[in-house]
Amino acid sequence: MVRILFASWYSGLGGGETDLLTLVDALDKSRYEPHLLLPAAGQLADRWRGKGWPAHIIPFRGASTYFIPAIWARFPVVRRLRELLKEARIDIVQSDYHTLPLIAPAAERAGLALTWTVHGWWFKPKPWQRAFFRRIPAVARSRAIRDGFLGSPPFMPKENLPVIYTGVDTRRFHPGLDRGALRREIGLRDDAEVVAMVARFQPVKGHHNFQAMAEMVLAQRPDTHFIVAGGDVFGAAADGRYRADILAKAQSTPVLSDRLQYLGFRGDVENVYAAADVFVCPSDFESYGIANLEAMACATPVVSTRRGGPSETIVDGVTGFLVEPGAAEALAGHVLRLLNDGALRRRMGAAGQERVESDFSIEAAAAAYSKIYEDLLALN
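Residues numbered from 1 in each chain as written. Predicted model: local features only at pLDDT ≥ 70, side-chain atom pairs only at ≥ 80, totals over all residues. Heavy atoms only, no water.

Draft legend 1. Examining the pattern of salt bridges more closely. The full count for this structure, using the stated rule, is 26 salt bridges. Here Arg-135 makes a salt bridge to Glu-108, at a shortest N to O gap of 3.1 Å. Highlighted residues: Arg-135 in the loop between helix H6 (130-134) and strand S6 (138-140) and Glu-108 in helix H5 (residues 100-109), separated in sequence by 27 residues. The class for Glu-108 is partly exposed, based on a relative accessible area of 38%. One network of salt bridges, with partners in common, ties together Arg-79, Arg-80, Glu-83 and Glu-87. (Salt bridge = Lys/Arg side-chain N within 4 Å of Asp/Glu carboxyl O. Helix = DSSP H or I, 4+ residues; strand = E, 2+ residues; numbered from the N terminus. Buried < 20%, exposed > 50% of the residue type's maximum accessible area, 1.4 Å probe, protein only.)

Draft legend 2. Summary view of the packing of aromatic side chains. Enumeration according to the criterion identifies 24 aromatic pairs in this entry. A centroid spacing of 6.2 Å and a plane angle of 35° characterise the contact between Tyr-369 and Tyr-373, whose relative ring orientation is tilted. Linking Tyr-369 with Tyr-373, this pair stays in helix H17 (residues 362-379), spanning four residues, or about one helical turn. Residues Tyr-369 and Tyr-373 agree in their burial class; the two are buried. A connected cluster of aromatic rings, assembled from ring pairs, spans Phe-67, Trp-72, Phe-75, Tyr-97, Trp-116, Phe-123, Phe-132, Phe-133, Phe-149 and Phe-155. Above the face of the Tyr-66 ring, Lys-126 is positioned so that its terminal group lies 4.5 Å from the ring centre. (Phe/Tyr/Trp six-rings, centres within 6.5 Å; stacked < 30°, edge-to-face > 60°. Lys NZ or Arg CZ within 6 Å of the ring centre and 35° of its normal.)

Draft legend 3. Seen up close, the packing of helix H15 (residues 328-340) against helix H16 (residues 342-359). Between H15 and H16, whose axes approach to 5 Å, the crossing angle comes to 105°. By the angle class used here, H15 and H16 are roughly perpendicular. Contacts from Arg-337, Leu-338, Leu-339 and Asn-340 of H15 reach H16 at Gly-342, Leu-344, Arg-345 and Met-348. Considered class by class, the residues forming the contact of H15 with H16 number four nonpolar, two polar and two charged. (Axes fitted to C-alpha atoms, helices over the stretch in contact; angles between N-to-C directions. Parallel < 35°, antiparallel > 145°, perpendicular 65-115°, else oblique. Contact = heavy atoms within 4.5 Å. Nonpolar A, V, L, I, M, F, W, Y, C, P; charged D, E, K, R; others polar.)

Draft legend 4. Representation of the environment of Pro-254 within the structure. Considering the arrangement of structural elements, one finds Pro-254 in helix H11 (residues 254-257). Exposure remark for Pro-254: the relative accessible area of 61% places this residue in the exposed category. With 46 residues separating them along the chain, Pro-254 and Thr-300 place their C-alpha atoms 28 Å apart.

Draft legend 5. Seen up close, the nonpolar core. Of all hydrophobic cores here, the largest spans 40 residues; its most connected members are Leu-37, Leu-85, Ile-103, Trp-116, Phe-133 and Phe-149. Looking at this core element by element, the count peaks at six residues for H5. Beyond its immediate chain neighbours, meaning those up to four positions away, Trp-116 contacts Ser-95, Asp-96, Tyr-97, Leu-100, Phe-133, Ile-136, Pro-137, Ala-138, Val-139 and Phe-149. In this structure, Ile-227, Ala-275, Phe-279 and Val-302 belong to the second largest nonpolar core, which totals 33 residues. (Core = buried A, V, L, I, M, F, W, Y, C linked by side-chain atoms within 4.5 Å.)

Draft legend 6. How the structure looks around the sheet that holds strand S9 (residues 260-264). The strand order across the open sheet formed by six strands is S9-S8-S7-S10-S11-S12, and the pairing between neighbours is parallel. The open sheet has two edge strands with one neighbour each: S9 and strand S12 (320-323). Taking the axes of each pair of neighbouring strands and ignoring which way they run, one obtains an average angle of 20° across the sheet. Looking at chain direction, strand S7 (residues 194-198) and strand S10 (residues 278-281) are connected through two bridges and run parallel. By the bridge assignment, Ala-196 is partnered in S10 with Phe-279. (Pairing = 2+ DSSP bridges.)

So far we have only geometry, and geometry alone does not tell us how the molecule works.
What follows is the structure, given as structure tokens:
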């Protein structure tokens, strides 16, 4: 049995954390025993333990983008992390960015294999960090993330940072879900036209763009309904202010107050996709954009901004439509086109489902990560 410690600074349950749960669930449990390291209890630890997997809570401060590796390696918590690795008999460590400067020296002192996943292109290594990152095997969740992290010119060869796309669990996300379950819960007719969004509250996610798009669509199709699922996942003050502003705007705009519903966090987000005729991702950018793929897996056509991961996962005009960030009018135009053309919705939905099954399955992602783990074990 190979014991893998997944180290994360995020204790909430956003997209990246849900992706982690999905990946670990798909690993071969006869071969791998998953452990989790977090700095605090929360939704992720609760969900992890609910699956019967060990979770370890050790308070620590996540690294900023300006960390100095040699200094962070001397922090007292590194010794405690090394003790955990020994006590739990860990064989491999997989980390996120914010935990890496602490868990890396702990793993190295314990003689353990280590890898990490690059989740965002905004983590641009400073000159004094580049040697640190060059020596630690890593994978990126998309080509956009890889290229952004490596910079121009890249500080190390691109082949040293392979891309593994996060997979979708098609046992959970599929076209056979009950289309009316959520509609009945929130009081929408079975024949209502519904446009959906799924995202945590954060300015970059573009709730303001979604609302602007909704107003334009309603000007031409006043019976359309709009639903948004997602919460204030990480409790950041700026995100809370943004959420308050968005909800206030929705309530004070007459055309939106009647047709737009904010549902909060949904553990059954698959029912949101199933209830929707069109799914919209209005973000300023997405490092990956897992919600687009989940919607596609449910055969729901997607209209998304293109910057980042969506340009790699969505085939424009085939599995959905891509627009420039901030282009609410373009979002509205494509949404109206899909609402006006049921055959186009069905065709794009089917193409999206096929693309997820062929190129973005969780089984493929789990196999790719498993190969990395086995290669690390062979080298260590």
